[in-house]
Amino acid sequence: MRDALRNKIIEVCDQKIEKKGLNVGLSFYAFFKNKNDQPEILMEAAKWWIETHQLDHFEKAQKIKDMVKAGV
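Residues numbered from 1 in each chain as written. Predicted model: local features only at pLDDT ≥ 70, side-chain atom pairs only at ≥ 80, totals over all residues. Heavy atoms only, no water.

(A) Unusual backbone geometry, seen in detail. A positive phi angle, close to 50°, is found at Q54, a residue other than glycine. Looking at the element boundaries, Q54 is found in the loop between helix 2 (39-52) and strand 2 (59-60). According to the relative accessible area criterion, Q54 is exposed, its value standing at 66%. (Helix = DSSP H or I, 4+ residues; strand = E, 2+ residues; numbered from the N terminus. Buried < 20%, exposed > 50% of the residue type's maximum accessible area, 1.4 Å probe, protein only.)

Following this line, the structure appears as structure tokens:
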């Protein structure tokens, strides 16, 4: 996963956790605007989320943050 995407995921997870607490869930769409203006990066996140880790549509932000930080 490219560093820019990794950093964005961590940033968004931190924001969601700060606003809604440790139990907040999110999908990989949370890391993107409502437009498909970065299809390559969106597909990279989708592949990591769906193909590589077979995660559910919604996962806990803390879990995703921990996975990304660990380089999983």
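(B) Main features of the nonpolar core. Counting residues in each nonpolar core, the largest one holds 22 residues, and the members touching the most others are F31, W49 and I64. Contributing elements (two or more residues each) for this core: helix 1 (3-20), helix 2 and helix 3 (61-70). Not counting chain neighbours up to four residues away, the residues in contact with W49 comprise L26, S27, F28, F31, Q54, L55, D56, H57, E59 and I64. (Core = buried A, V, L, I, M, F, W, Y, C linked by side-chain atoms within 4.5 Å. Contact = heavy atoms within 4.5 Å.)

(C) Spotlight on the environment of I10. Along the chain, the position of I10 falls in helix 1. Overall, I10 belongs to the buried group, its relative accessible area being 17%. Expressed as a C-alpha distance, the spacing of I10 and V68, which sit 58 residues apart in the sequence, is 7.3 Å. Apart from residues lying up to four places away in sequence, I10 is in contact with K65, V68 and K69.

(D) Looking closely at helix 2. For helix 2, which comprises 14 residues, the first-to-last C-alpha distance of 18 Å matches the rise-based estimate of 20 Å (1.5 Å per residue) to within 8%. Packed against the buried residues of helix 2 are helix 1, strand 1 (25-26), strand 2 and helix 3. Downstream of helix 2 by a residue or two, Q54 has a phi angle that is positive, lying close to 50°. (Expected span 1.5 Å × (residues − 1).)

(E) Focus on the side chain of R6. Inspection of the secondary structure assignment puts R6 in helix 1. Non-local contacts of R6, meaning those with residues more than four positions away in its chain, are made with M1, V68 and G71.

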